[in-house]
Amino acid sequence: MLIASGRVTVNGKVVTELGTKVDPERDHVKVDGKHLENAQPFVYLILNKPKNVMSTLDDPGGRPTVKNFLHGVSVRVFPVGRLDFDSEGLMLLTNNGDLTQALLHPRYHVPKTYLIKVKSVLTDAEIAQLEKGIKLEDGMTSPATVKKVRKAEANSWVEITIHEGRKHQVKRMLEAVGHPVIKLTRVKMGPLTLGDLGSGEFRFLTDREANALRDIVEQRRTLEKEGKDPGVRPPKPPRRPGWAKPSKTKRHSTKKARPVA
Ligand code: URA
């Protein structure tokens with residue numbers, strides 16, 4: 001009724017179409033000239049999940065969960081995706097359900113990068129196999145990017161970027177080429193990097209990071225509206241042989257940490 005009677009404006013323009021969509025974080029919605037306040041601000045944070053912690057909020061088995069590490073977070077936030085119990089690293093948590101859905105698009109998750117300690121050293125042929133796609137019991141994996149990072153005596157470190165989110169995917173991929181995973185840490189997810197966030201610590205996203213996530217969602221919505229497949233991946237960069245540096249880590253001041261309104 002408010003809309004039909006012309007009392008609602010979006011970004012200064014009167015809207016009369018019922019079902020008009022707005023982005024509550026970006027659009028200015030007014031009723032009778034007064035700003036409509038968001039009932040609850042969106043909150044985005046990243047946690048460095050320690051090993052032997054469930055990536056869910058509750059565990060019927062009584063094991064520790066990510067909730068145990070969110071001291072002082074009064075808003076109920078939900079994990080975006082999973083990490084295995086024995087995996088560690090970057091977990092995004094938010095109360096923005098639309099964003100969660102868009103980031104976990106079944107055909108194209110945002111790229112996720114893992115730093116992995118594996119048994120022995122991957123050969124170039126094995127890396128090529130992983131990059132091309134490998135047959136697992138639930139089908140072929142989509143192309144991945146693999147960087148050799150470091151070699152120790154009996155093990156080595158690699159960085160793998162994938163665009164899917166199947167169960168135990170990275171472990172299964174490496175197992176399939178004969179290199180069981182010893183340690184797995186997620187260091188990047190879309191535009192977010194773990195940086196030097198300590199194990200068990202969390203920080204709120206900066207405005208720039210939260211905007212970068214929202215841009216991804218908007219791009220996908222636009223593609224979907226235009227009937228284009230949001231599952232199309234960007235072209236792969238040319239491969240550089242040899243050992244590479246691990247992904248750059250960025251220092252984020254925790255002092256500035258605050259919820260994003
Ligand atoms: N792949 C895995 O195998 N485990 C994880 O926790 C994440 C990705």
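The text that follows walks through the structure, step by step, so that each part is easy to find. A quick note: this is a predicted structure, and the numbers were derived from the prediction, not measured.

Definitions and limits used
- Note on numbering: residues in each chain are counted from 1, in written sequence order.
- Per-residue local features are limited, in this predicted model, to residues with pLDDT of at least 70; the limit for side-chain atom pairs, both in listing and counting, is 80 or more; totals at the level of whole chains, interfaces and linings are taken over all residues.
- At least two bridges found by DSSP between two strands are what make those strands a pair.
- Strands here mean DSSP runs of E at least two residues long; helices mean DSSP runs of H or I at least four residues long; both are numbered from the N terminus.
- Should the C-beta atom of a residue, placed from the backbone, lie within 6 Å of a molecule or strand, that residue is near it.
- Under this grouping Gly is polar, as are all residues other than the nonpolar Ala, Val, Leu, Ile, Met, Phe, Trp, Tyr, Cys and Pro and the charged Asp, Glu, Lys and Arg.
- Start and end points for every domain follow an automatic or database-based domain assignment.
- Expected helix span is taken as 1.5 Å per residue step, with the number of steps being one fewer than the number of residues.
- Residues with at least 20 other C-beta atoms within 10 Å of their own are called buried, those with 12 or fewer are called exposed, and the rest are partly exposed. The C-beta atoms themselves are positioned from the backbone.
- Directions drawn from the helix axis to the C-beta atoms are what define this arc.

**Topic: the sheet that holds strand E2 (residues 13–14)**
Here's step 1: Spatial ordering of the open sheet is given by E2-E1-E3-E4, a layout of four strands whose pairing is antiparallel. Sheet topology places E2 and strand E4 (34–35) at the edges, where each strand pairs with a single neighbour.
Here's step 2: Here two bridges tie strand E3 (residues 29–31) to E4, and the two strands are oriented antiparallel to one another. Across the sheet, the residue bridging to lysine 30 is histidine 35, located in E4.

**What to know about unusual backbone geometry**
Here's step 1: Backbone geometry places aspartate 32, a non-glycine residue, at a positive phi of 50 degrees.
Here's step 2: Within the element layout of this structure, aspartate 32 appears in the loop between E3 and E4.
Here's step 3: One non-glycine residue, histidine 168, lies in positive phi territory at about 50 degrees.
Here's step 4: If you trace the backbone, histidine 168 turns up in the loop between strand E12 (155–162) and helix H3 (169–176).

**Some points on the site of the ligand**
Here's step 1: Lining the immediate surroundings of the ligand are Leu83, Asp84, Ser87, His168, Gln169, Val170, Lys171 and Leu184.
Here's step 2: A per-element tally of the shell around the ligand places H3 first, with three residues.
Here's step 3: Split by residue class, the shell around the ligand holds three nonpolar, three polar and two charged.
Here's step 4: Viewed by domain, the shell around the ligand spans two of them, domain 2 (40–107 + 192–228) and domain 3 (111–189), each represented by three or more residues.

**Some details on helix H4 (residues 207–225)**
Within an α-helix, residues lying three or four positions from one another point in the same direction, as the helix has 3.6 residues per turn.
Here's step 1: Between its first and last C-alpha atoms H4 spans 26 Å; for 19 residues at 1.5 Å apiece the expected length is 27 Å, and the two agree.
Here's step 2: Along H4, the positions that sit buried rather than exposed are Glu209, Ala210, Leu213 and Arg214. Relative to the axis of H4, the buried residues are bounded by an arc of 135 degrees and lie together on one face. Exposed side of H4, more than 90 degrees from the buried face: Arg208, Asp215, Gln219 and Thr222 are the residues found there.

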